[in-house]
There are 2 protein chains.
Amino acid sequence: MDLGQLTTPCALVDLERLERNVARFSERAHRLGVRLRPHVKTHKCVEAARLQVRNHFGGITVSTLAEARHFAAAGFEDMTWAVPIAPGHLEAAIDLHRRLERFNVLVDHDDTVTELERAASAQRVAPGVFLEVDCGGRRTGVRPESDRAVSLARRLHASPHVELRGVLTHAGHAYGCTDQLAVADVAAQERDVMVRFASNLEAAGVVVPEVSIGSTPTFAAVDALDGIGEVRPGNYVFFDVVQAAVGSCRLDDIALSVLAEVISVHPERSEVVLNTGALALSKDPGPVHLDPHCGYGVVCTVDDTRPLSGLRLVALTQEHGVVRGDPREAVDRVAVGDRLRVLPNHSCLTAAMFDRYHVVQSGSVVDEWRPVRGWS
Amino acid sequence: MDLGQLTTPCALVDLERLERNVARFSERAHRLGVRLRPHVKTHKCVEAARLQVRNHFGGITVSTLAEARHFAAAGFEDMTWAVPIAPGHLEAAIDLHRRLERFNVLVDHDDTVTELERAASAQRVAPGVFLEVDCGGRRTGVRPESDRAVSLARRLHASPHVELRGVLTHAGHAYGCTDQLAVADVAAQERDVMVRFASNLEAAGVVVPEVSIGSTPTFAAVDALDGIGEVRPGNYVFFDVVQAAVGSCRLDDIALSVLAEVISVHPERSEVVLNTGALALSKDPGPVHLDPHCGYGVVCTVDDTRPLSGLRLVALTQEHGVVRGDPREAVDRVAVGDRLRVLPNHSCLTAAMFDRYHVVQSGSVVDEWRPVRGWS
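Rules used in this analysis
Residues numbered from 1 in each chain as written. Chains lettered and ligands numbered in written order. Predicted model: local features only at pLDDT ≥ 70, side-chain atom pairs only at ≥ 80, totals over all residues. Heavy atoms only, no water. Helix = DSSP H or I, 4+ residues; strand = E, 2+ residues; numbered from the N terminus. 1 Å grid on protein atoms, 1.4 Å probe; cavity = no way out; pocket = protein on both sides within 12 Å on 5 of 7 lines; lining within 4 Å. Points joined across faces, edges and corners; volume = space filled by probe spheres on them. Nonpolar A, V, L, I, M, F, W, Y, C, P; charged D, E, K, R; others polar. pLDDT = per-residue confidence, 0-100. Phe/Tyr/Trp six-rings, centres within 6.5 Å; stacked < 30°, edge-to-face > 60°. Buried < 20%, exposed > 50% of the residue type's maximum accessible area, 1.4 Å probe, protein only. Lys NZ or Arg CZ within 6 Å of the ring centre and 35° of its normal.

A. Main features of unusual backbone geometry. Cis rather than trans, the peptide bond between Thr8 of chain A and Pro9 of chain A has omega equal to -10°. Position of Pro9 of chain A relative to the elements: it lies in the segment before strand 1 (10–14). In this model, Ser362 of chain B sits at a positive phi of 50°, which is unusual for a non-glycine residue. Its place among the elements puts Ser362 of chain B in the loop between strand 16 (357–361) and strand 17 (364–369).

Laid out in C-alpha cells, this is it:
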C-alpha cells in the first residue's frame, strides 16, 4: 500500500528513522555503561518497545496502568511505573507485582508509603519501590538535600512491606534549555545530584540497589555516567520538533509525522488550511522559548518529509490547521487536495491522538502498529 | 457505583448540568425561530446527540468521517459534515450520501467543486453541498464580498452533479472576545453577513434553500435571527472554562470534568501534583486573552464540583498536573490521595482524550457513554 491510499489525517512512522534512533540510543547506553530501561509512553506499542529492548535486559518504563497491563500481556516481565503511585491505584499495582517478575512503583511522600505498606501487608507482598528525587525539575520527587528525603529512604529501607529498589529521577527541566551546552549542564546535574544522594544514603546505612535517571535530552547530551545504573529515555524513538530545537536530534531524525490534506487555500491572505487540527496534532505550543513563532509543527513534503520553507502552522482548531506563507508566495506551491506531512512539536502528545500508526518504509506502508490508549 | 470506585483519571459527565444546557439551547432555538442542527463533535456519543435533537428535526452536524459513520449506524439520517471536504474523502462522502436521507458536505473552492463533480458524475449521484462563507473568522470559507463567492455559488446552483443546499458559516472569532457585548457584536455580524450574502445570491438568480450559522458563543448571545434558517452550536452540551470566560455560561454549568487524584505534595513551594496531565486534559491554554495566568483548567471539589479558590493548574506534562496555591496556604487543604475534579479549558479537546464518559447524577455513576474516536 502506498501513502496515497491512506485516509487523512493519520499517523505515519518512518521505520528507517525509528530504527536509526533506537540504534543510536542503544549504542549510547552500551558505550556509557548503563542499563537501558526505555520508556514506552511515547509510542505505547509493543512493536516499538521490542525494538527498544533489543540487545538490552528487557526492562521497560511505563506511565499508566493501561500501559503496564498491555505490555504485561505482551510478555514484558520487568517494568517501572514512573509516576508517583496514586493511593487509588495500589491494588492494581499489587496485582501486577504478583503477576510479573518485577513491577516497581514510585513514591515521594510518607502518606503514600503508609498507604502502600497497609495495602502490601494486607496482601502479604512486598512490592518494589523507587524513591523519586527532584533533581531540579520541580515536579515530583523529594528534594535530595532535605532531611525528609533521607528519612523517607530510611523508612523504605527498613520497611518489611516494601522492597527498596533504588532512587530515581527525571530531568524534565532539560526541555526548557536553549542549546546542547545548557542541556549538558542539566545532564551533569541530574547525574551528580543522584550519585551524591545515593552516596549520602549509603553513608546513612540505606542500601541503594539502583540509581535510575533519564530523559531523552539529557541522555543525548551527557558524556559520562559513572555511578549511574540505568537510564530511561523514551521520546527518542520518534523524537520531535522540541527535541530538535534543544539539540537532541535533527529534524530529519523525527520518525513520527501526521499525513494531512489541503482543504482550503486563501492566496489573498497567504494561507492554506489543512485537515489536521488540534485533535490530530495536539495543541502543544512547541519550543516557544526558542522561537515564539515556531507554530504547531513543521510542514513537510509528503514523499521525503523535507521541511517546506516559508510555511508555518500558525493556528489550530479542532479539525483545521492554518498554514501561513512568509514570503507570501510560499503558499503558491500548495493546492487543494495536496498531501503534506506535519512533524509534531511533541510526539508523545501527537501519537496519543491515534489508534494506529502506519509504518512506512521507502514510501510504502509496510505495517500497522496498534498502541494502547487510556489509563486503566 | 459512586465516584470513589472510579479509577483516575477519568471523564465525568454531570447529567443534570448537561440536560440543563441542552434544554436552554433547545428552547432558545424555538424562541428565535430557527432549526437546531446541533454539532456532535464535542462529545461524539449517541446518547448526548439524542438529547440534543429531542424536540427538533433530528439533523446533526459532524466534524469527521468517523462521526458520520458512527451516527449513521445509530440511525441518524440527516447530517452536515461541517469541514470543507478533502478531495481524498469524496468517495466516502458519496457512499454516505447514498445511505442517508441527507448528507451534506462543505466546499469553499473551485478545485474542490471540480473534484466533487467528477466523483459525483462518475457515481451518477448529486450530493448536497453547502457553500462555506467566511463571516470574519478567517479560517475557511469564501469572502462573501468577493466575486469568487458569487461565481462559486452560481456554479454550484447550475451544476447537475451537486445539489446546492445553502450557505453556511461559523463565527469562530467569537472565541477571542472579551465579554458578552463583544460576542453579541460578532453574533450580529455572523447573522447579517449571511443574510446579506444570501440576498445577493438570490438577486443573482441563485436559489439559497438554507442559511446556516452557528457557534456556542454567538448562539448564546444573539437576540434575533431573522433571515437565518438553522443554527449549529455544539460545545454547549458540556460548555467549558473558555465559554464561561466569554460569557456563554457560568462555571457551574460546565458538565464535563476530569476526576483526578493527588499524587505528590510540596508545601515548601506551595504546590501539589495531580495525576491528570496533558493526556487527560489536553494542552489547551484556555482564555489567556482574558487572563494570562488562567492555567490548564479549574480545580474543583469532587462532591459538588465547586471551584477551589487559590488553586491554579500551572503546568502539565504527559501524566502530571502541577497545582500552585496562592496564597500559599491554599494547598494545605489538599493531601496525597485526595480526589479533585478539573473543569476543562476546552471540553471538545479534553473529551477527545477519553474512550468513555462516566455519567454522574446525584453523586452516583448512572451510565457510561462511549464516544467515537479517530477519523475514518
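B. Spatial organisation of empty space enclosed by the protein. Tallied over the full model, the rule gives 4 cavities of 30 Å³ or more. Here the largest cavity defines a volume of roughly 120 Å³. Considering the residues around the largest cavity, the lining is formed by 15 residues, among which Asn275 of chain A together with Ser63, Trp81, Val83 and His89 of chain B are closest to the centre. For the lining of the largest cavity, the element with the highest residue contribution is strand 4 (residues 78–84) of chain B, accounting for 3 residues. Here the lining of the largest cavity is composed, by residue class, of 9 nonpolar, 5 polar and 1 charged. Contributing to the lining of the second largest cavity are 14 residues, with Ser63, Trp81 and His89 of chain A together with Asn275 and Glu319 of chain B lying nearest its centre. The dominant element in the lining of the second largest cavity, judged by the number of residues it contributes, is strand 4 (residues 78–84) of chain A, at 3 residues. Residues of the lining of the second largest cavity, tallied by class, amount to 8 nonpolar, 5 polar and 1 charged.

C. Representation of the confidence of the model for chain A in the model. For chain A, per-residue confidence averages 97 on the pLDDT scale, and residues scoring 70 or more make up 100% of the total. This complex was scored by the predictor with a pTM of 0.98 and an ipTM of 0.97.

D. How the structure looks around the packing of aromatic side chains. All names here are of chain A. If you walk through the whole model with that rule in mind, you get 13 aromatic pairs over all chains. Ring centres of Phe25 and Phe239 lie 5.9 Å apart, and the angle between their planes is 80°; this geometry places the pair in the edge-to-face category. One end of the pair, Phe25, is in helix 1 (residues 15–32); the other, Phe239, is in the loop between strand 9 (230–231) and helix 9 (241–246), and 214 residues separate them in sequence. Here Phe25 and Phe239 have matching classes, each one buried. Site record: aromatic cluster; members linked through ring pairs are Phe25, Phe219, Tyr236 and Phe239. The positively charged end of Arg28 is found above the aromatic ring belonging to Phe219, 5.7 Å away from the centroid.

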